[in-house]
Amino acid sequence: MTIFRAYAQKSNPASLPPSVLLSHSETCLTVFDAFPKSIFHFLVIPRVRSPFDVYQLANLRSLLKCEKSCAKELITDLSREANDVKKMIETEMFKKYGFKWEIWMGFHAVPSMEHLHLHVLSADLCSPRMKLKKHYNSFHPKLGFFIHLSDVLSWFDADPSYYKTTSQLKKIEYEPLLKEDLSCWKCDRDLSNMPKLKSHLQEEFDKLSDQEKAKAERKRKRTDDLAQTSSTRILNDDDPPPDKLVRESEEERGPNSEN
């Protein structure tokens, strides 16, 4: 039994330690990826419930062999849960980094572990756990091995022949993608090895962080300037008009005052 299947079969997911479980619902549970490949990385796992058994929930390919409407409903449940996780991640992004960046949601075409799981991870791929080429290429958002959730959902509304062909997820077509040359997912720059790639990805993230901090500083300065302008106007509006000041000054001196 795989660890994900063990989680999915638990009658009470809340019994899982907080270092493992992020959240759960009637249909899904979300766990921390034990080997995160990005700054934020979670897995949304469907619980084993009728009409599916553990074998039908082994992976995306086995699920898509099931009755189409049932498969679509399950993927939709995962999507709802993933969007809740996305909001949690964005809150943490603001809290820890002061800005938010893109979040990816998707499946591996040929997963390394059994029991269907949807990856929800921040778009940076900066992690000490990102060690091998196959790790990186399995999450490269444009390579094809990482299948975006939105694409899978679109398959259900596509032509039946397209659905039948695409849902087969043949290993022979996808596994070679893991051996593709390394390139930055963001700028498409080719890198010769993993250390150089990891260094480049960190530079890209640091650049994004600096840009966002500068943007936040400009926004803060504009806000301060507007507040200052507004305060000045309020003070000026409270001052009496100049001619009134003159009249008050003459009244104070009285008719017999010397010039």
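Located above this text is the structure these notes cover.
Here the structure is a predicted model, which is why all the values come from computation and not from measurement. (Residues numbered from 1 in each chain as written. Predicted model: local features only at pLDDT ≥ 70, side-chain atom pairs only at ≥ 80, totals over all residues. Heavy atoms only, no water.)

Engineer: Describe the overall build of the protein, with residues and values.
Structural biologist: Secondary structure assignment for the protein yields 9 helices and 6 strands. Within the protein, the fraction of its 259 residues that count as buried is 41%. Working note: accessible area of the protein is about 15500 Å², and carbon and sulfur atoms make up 51% of it. (Helix = DSSP H or I, 4+ residues; strand = E, 2+ residues; numbered from the N terminus. Buried < 20%, exposed > 50% of the residue type's maximum accessible area, 1.4 Å probe, protein only. Areas by Shrake-Rupley, 256 points an atom, 1.4 Å probe, with all protein chains shown as cover.)

Engineer: Can you break down the environment of Lys142 residue by residue, with the values?
Structural biologist: For Lys142, the location among the structural elements is in the loop between α4 (133-139) and β6 (146-148). Using a relative accessible area of 49% as the deciding quantity, one classes Lys142 as partly exposed. Spatially, the C-alpha atoms of Lys142 and Asp188 are 9.9 Å apart, while their sequence positions differ by 46 residues. Among the polar contacts made by the side chain of Lys142, one reaches the main-chain carbonyl oxygen of Trp185 at a distance of 2.8 Å. (Polar contact = N/O pair within 3.5 Å; in protein donor to acceptor, adjacent residues only side chain to side chain.)

Engineer: How would you summarise the pattern of salt bridges if you had to cite specific residues and measurements?
Structural biologist: Under the counting rule described, the total for this entry stands at 9 salt bridges. Of the charged contacts, one joins Glu26 and Arg49 as a salt bridge, the two residues approaching to 3.9 Å between their closest N and O atoms. Of this pair, Glu26 sits in the loop between β1 (21-24) and β2 (28-32) while Arg49 sits in the loop between β3 (41-46) and α2 (60-63); the two residues are 23 residues apart in sequence, bridging distant segments of the chain. Between Arg80 and Asp77 there is a salt bridge whose closest N-O contact spans 2.4 Å. You can see Arg80 and its partner Asp77 sitting in helix α3 (residues 68-97), 3 residues apart, about one turn around the helix. Look at Arg80 and you get partly exposed, because its relative accessible area is 49%. The buried category is assigned to Asp77, whose relative accessible area is 16%. (Salt bridge = Lys/Arg side-chain N within 4 Å of Asp/Glu carboxyl O.)

Engineer: Any chance you could break down the nonpolar core for me, citing the residues and the numbers?
Structural biologist: In summary, soluble globular proteins display a tendency toward joint burial of nonpolar side chains. Counting residues in each nonpolar core, the largest one holds 57 residues, and the members touching the most others are Ile75, Leu78, Phe107, Leu125 and Tyr136. The element contributing the most residues to this core is α3, with 8 residues. Beyond its immediate stretch of four places on either side in the chain, Tyr136 contacts Leu125, Met130, Leu182, Ser183, Cys184, Trp185, Met194, Leu197 and Leu201. Counting residues in each nonpolar core, the second largest holds 10 residues, with Phe4, Val20, Leu21 and Ile45 among its members. (Core = buried A, V, L, I, M, F, W, Y, C linked by side-chain atoms within 4.5 Å. Contact = heavy atoms within 4.5 Å.)

Engineer: Lay out the packing of aromatic side chains in plain terms, naming residues and giving numbers.
Structural biologist: Under the counting rule described, the total for this entry stands at 11 aromatic pairs. With a centroid separation of 5.0 Å and an interplanar angle of 50°, the aromatic rings of Phe32 and Phe42 are classed as tilted. Taken together, the residues Phe32 in strand β2 and Phe42 in strand β3 connect sequence positions 10 residues apart. Since its relative accessible area comes to 35%, Phe32 is described here as partly exposed. Given a relative accessible area of 9%, Phe42 falls into the buried group. An angle of 40° between the planes, with centres 5.2 Å apart, marks the rings of Phe99 and Trp101 as tilted. Overall, the relative accessible area of 3% leaves Phe99 in the buried class. (Phe/Tyr/Trp six-rings, centres within 6.5 Å; stacked < 30°, edge-to-face > 60°.)

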